[in-house]
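Commentary on secondary and tertiary structure
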Amino acid sequence: MLKYIGKRVLLAIVSILIVSAITFFAMNAIPGGPFNKEKATDPAVQAELESRYNLDKPVTTQYVLYMGNLIHGDWGVSLKSGREIWPDITSKFAVSAKLGISAMIFATIIGIVLGSIAALTRNKWPDRLIVFFTTLGTAMPSFVLATLLLLLFCLELKWIPVYNSSNPNYILPIISLSVYPMAYITRLTKTSMLDALNQDYVRTAKAKGVSRVKLIFVHALRNALIPVITYLGPQIAYILTGSMVVENIFTIGGLGSAFVTSITNRDYTTIMAVTIFLAILMVVANLLTDIAYKFTDPRIDFNN
Amino acid sequence: MSNENLELKKRQILSSQVDLSKFNSKNFEKATDEEKAQQEVMGESTTFFKDGMRRLKKNPLAMGSIVVLALIIAIIIIAPIFVPYSYSDMITVNGVRDKSASNLGMFEYSNAEMKYMESTGESLFPHIFGTDSLGRDYFIRVIYGTRVSLSVGIVAAIMVLIIGLIYGSVSGYFGGKVDMIMMRIVDIIYSLPDMLIIILLSVVLKEVLASKIKGTALAALGPNMISMFFVFGLLYWVTMARLIRGQILTIKNSEYVLAARCIGTKDGRILRRHILPNCLSVIIITTALQVPSAIFTESYLSFLGLGVSAPLTSLGSLANDARGAMQSYPSRLVIPAVIICLIVLALNLLGDGLRDAFDSKLN
C-alpha cells in the first residue's frame, strides 16, 4: 500500500522534472535571447544584464537555478509586460478553475444520468437517442462546438451577449467544454452499468425482492461508477487544454487564453511558467485519481 | 499404416465372397448431380480475417462510414483535377488578378467574371463554396485542407503503429529487466501532459526548424507540420506499445510459441510469424482509432495558429481563419467544421465497428 503510493509519488516527481527540463531546454534552444534587441546594446551593459539574470552560466546551471526559484515561488518575469508571472498565473488560474470545475460537475452529473437511462432502456428509443448524441459529441472538437454555439446563440439568435467583461456569461463556455467529457462519461456509465446489472450480486438482490430503484441506484450504480472516477482525474488535463481554445473563443481571461496569447506573443518565460504550472497540476491530478481508484475498488491488488 | 492394410486386405477377401447376384445394374449407376451436391462442403472454412469482414459487413454504421470516407477521399483526389482554381492564389480572369472576387457567396460570380462570361460566351467553373477574403476559391481550399488533415491523421497513425509495434513487441517478448526498464520509460511518457508538450514543442521546433529547412524539399510542408509529426512520433506511441506488450505477454506463453521455440526458431521469426499475426486485431483497431485522434489534435493546433504554414491550409486553420468574419460569412466556418466532424465521426464509427468485428474477446 505505502510502497505503491511511494512509487506513484516518485513517478509523479520524475514526470514533473522531465516536463520542466523539456520546457526549459526547449525554450533555451530557441535562437535569440531576451536582451537581443534589434538595436545593438553596449556589450558591457549586455554582459551586466546577462550576469544579473544568470544567462552567462551554462544551461544546466541555469536550469537548477530556475527550478530553485520556482520552489521559492519566483516564476520569473514576463518578457512582454515585464511583470511578475506568478501573481498573474494564480489570478488567471482562479478563472480557469471556476470554468473547468463547473464544466466537469455539469458533465459528470448529466453523463451519469444519461448513461444510466441508456443502460436501463437498452435498445429502446431513449438509448438509441443517447447513443446518437454521445457519438456526435465525441466527434466534435470543442473549438468547433464553441464557435458554432457562439454563432448560433450570440450572433444569430442574440440570446446571449457576445462579450461582457464585467459580468461574463459562462453558460456557453461550460457547455462547449463539457460536451466531450459528458459524452464519454455517458458511454462509460452505460457499459459499466450493463456489466454491473449482469453481476451475481444484482441477481441476488433482485431475488431477495429489492425494489427496482434501490437495485439500480444502490447496488448497480455504485459499482458502475468506478471507471467514471478513473476517467475524471486525467480529464482535468483535457479541461485545461481544451479550455485554451474555448477561453480564447469566448474571450475569457483564464490561464488557457493566457497561454495562447503568450504563444502568439512569443513570451517565452510565460510559456515556460504556464507549461510547468499546468504540468504539475495534471500530474498531481493523475496521481490523486490513481490513489483514489485503488482505495475505492478493493479488488485491485496493490502488489501489482 | 499396417492396420489399414490389414483391413483393406480383409475387405478384399470379403468382397470376393459377396454374392453379386443380389445387385443389378441400377446399383452401379453414376451419382446424379444432386447427390454429388449433397456431398459438397457448403460452409467454406473461414479465416479470421474473412470472419471479421463478414461481421463488419453486417454493421450498417461501419459500412456507412466506409462509404462516407470513400466518398470524401474520392472527392479530394478527383476534385483538384477539374476545378481550375488554385488553393494559394487569387482568382484570375483572363490572366488578370480579379480584385472583385473576394468574399463571394456560394455559386456567385464576381463582376469581372460576369463581364468576361458575357463578352466571350463561355461559362466559368462556379465557386461552389464562394471565395475567401483574399479572393481564393473556397471549395478548392477546403479540398486541400481536407487533404492535409487526413494525411496528418494517416501519417501520424502509421508512425505510432511502427514505433509502438517495435517497442511493445521487444518489451513484451524479452520480458524481465528489459521489459521493466522499457515500461518505466513508457510510464513516464504516459504521465506527461501531451497537449502541453505538443504545443510547447510546436512553438520551439517552429523557431528552430524554420531556418534549418529553408530551401529543402521539407520547406513546402512547413516547420509546423514537421514538428507536429515529430511530436506525434515522440508521444503518441505509448498507448500502442502498452497494448501490444500486453497482448504479447499472453500469447508468449501459448503452446504454439513453445513448440516453435522447441524446434529452434529464432526470436525474430517467432515474433513475426507466430506472435504478431495474433495481435493483429488489436493493432488494426488501435490504428483505426488513432487517425481521428491525430486529426483532432492537428485541428486544435491549427486553430491555435500552430498548424500548417500559409498558403497551405488544413480544416482547423480554415475554421480559425473564418472566425474573424464569422458573423458576415458563417458558411466559411461551418463548412470546415462540418467536414472535421464528419471525418472524425466516420472514423470513430469505423473503429468501433472494427472492434466489434475483430476483437475475439467480445464475441
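All values derive from a computational prediction rather than experimental measurement.

What chain A contains, in helices and strands, is 12 helices and 0 strands. The secondary structure elements of chain A, listed N-terminal to C-terminal, are α-α-α-α-α-α-α-α-α-α-α-α. Long-range pairs, those at least 24 residues apart, make up 74% of the contacts in chain A between residues at least 6 apart in sequence. If you sum the accessible surface of chain A, you get close to 16000 Å²; carbon and sulfur atoms cover 64% of it.

Within the structure shown, the criterion is met by 1 cavity of 30 Å³ or more. By volume, the largest cavity is sized at about 40 Å³. Residue lining of the largest cavity: R8, L11, A12, S15, V283 and N286 of chain A together with S191 of chain B, and that is the complete set. Counting only elements with at least two residues in the lining of the largest cavity, the list comes to α1 (2-29) and α12 (268-296) of chain A. At 4 residues, α1 of chain A tops the list of elements feeding residues into the lining of the largest cavity. Partitioning the lining of the largest cavity into residue classes produces 3 nonpolar, 3 polar and 1 charged.

Residues and elements named next belong to chain A. Where helix α7 (residues 171-197) meets helix α9 (residues 212-224), the closest approach of the two axes is 8 Å, and the angle between their N-to-C directions is 120 degrees. Overall, the two elements α7 and α9 adopt an arrangement that is oblique. Helix-helix and strand crossings are classified by hand; for α7 and α9 the assignment is right-handed. Between α7 and α9, the residues in contact are T189, S192, M193, A196 and L197 and I216, A220, L221 and A224, respectively.

You will see that N123 of chain A, though not glycine, has its phi angle at about 65 degrees, which is positive. Position of N123 of chain A among the secondary structure elements: in the loop between α4 (85-120) and α5 (125-138).

Another aspect to go through is the interface of chain A and chain B. In this assembly, 48 residues from chain A lie in contact with 37 residues from chain B. Carbon and sulfur atoms make up 81% of the surface buried where chain A meets chain B, a total of about 3600 Å² over both sides. Sorting the residues of chain A by area buried against chain B places A139, F143 and L151 of chain A first, and these three jointly supply 15% of that buried surface. Inspection of the region where chain A meets chain B yields 1 salt bridge. D352 of chain B is the salt-bridge partner of R187 of chain A, the closest N and O atoms lying 3.0 Å from each other.

For the structure shown, the criterion picks out 9 salt bridges over all chains. With a closest N to O distance of 3.0 Å, D352 of chain B and R355 of chain B form a salt bridge. A residue pair is termed a helical-turn pair when its members lie 3 or 4 positions apart in one helix, as D352 of chain B and R355 of chain B do in helix α14 (residues 330-358) at 3 residues. Overall, R355 of chain B belongs to the partly exposed group, its relative accessible area being 31%. Each member of the salt-bridge network shares a partner with another, and the members are R83, D88 and K92 of chain A.

For the rest of this paragraph, the subject is the domain arrangement of chain B. Residue and element names in this part refer to chain B. If you check the domain split of chain B, you get domain 1 (50-80 + 142-362) and domain 2 (90-135). Each of domain 1 and domain 2 has a C-alpha centre, and the two are 39 Å apart. Counting residues at the interface gives 5 residues for domain 1, matched by 6 residues for domain 2. The contact between domain 1 and domain 2 buries some 430 Å² in all, and 62% of this surface belongs to carbon and sulfur atoms. Of all residues in domain 1, Y329, R332 and I335 give up the largest surface area on contact with domain 2, accounting jointly for 79% of the area buried on that side. In this structure, the connection of domain 1 to domain 2 is made through 0 salt bridges. For the pair domain 1 and domain 2, the number of links is 0 residue pairs in polar contact (both at pLDDT 80 or more). Considering every element that reaches the side of domain 1 that touches domain 2, the biggest residue donor is α14, with 3 residues. For the side of domain 1 that touches domain 2, the per-class residue count stands at 3 nonpolar, 1 polar and 1 charged.

Parameters at a glance
Residues numbered from 1 in each chain as written. Chains lettered and ligands numbered in written order. Predicted model: local features only at pLDDT ≥ 70, side-chain atom pairs only at ≥ 80, totals over all residues. Heavy atoms only, no water. Helix = DSSP H or I, 4+ residues; strand = E, 2+ residues; numbered from the N terminus. Contact = heavy atoms within 4.5 Å. Areas by Shrake-Rupley, 256 points an atom, 1.4 Å probe, with all protein chains shown as cover. 1 Å grid on protein atoms, 1.4 Å probe; cavity = no way out; pocket = protein on both sides within 12 Å on 5 of 7 lines; lining within 4 Å. Points joined across faces, edges and corners; volume = space filled by probe spheres on them. Nonpolar A, V, L, I, M, F, W, Y, C, P; charged D, E, K, R; others polar. Axes fitted to C-alpha atoms, helices over the stretch in contact; angles between N-to-C directions. Parallel < 35°, antiparallel > 145°, perpendicular 65-115°, else oblique. Left-handed = near helix turned anticlockwise from the far one by under 90°. Buried area = accessible area lost by both parts, 1.4 Å probe. Salt bridge = Lys/Arg side-chain N within 4 Å of Asp/Glu carboxyl O. Buried < 20%, exposed > 50% of the residue type's maximum accessible area, 1.4 Å probe, protein only. Domains from an automatic or database assignment. Polar contact = N/O pair within 3.5 Å; in protein donor to acceptor, adjacent residues only side chain to side chain.

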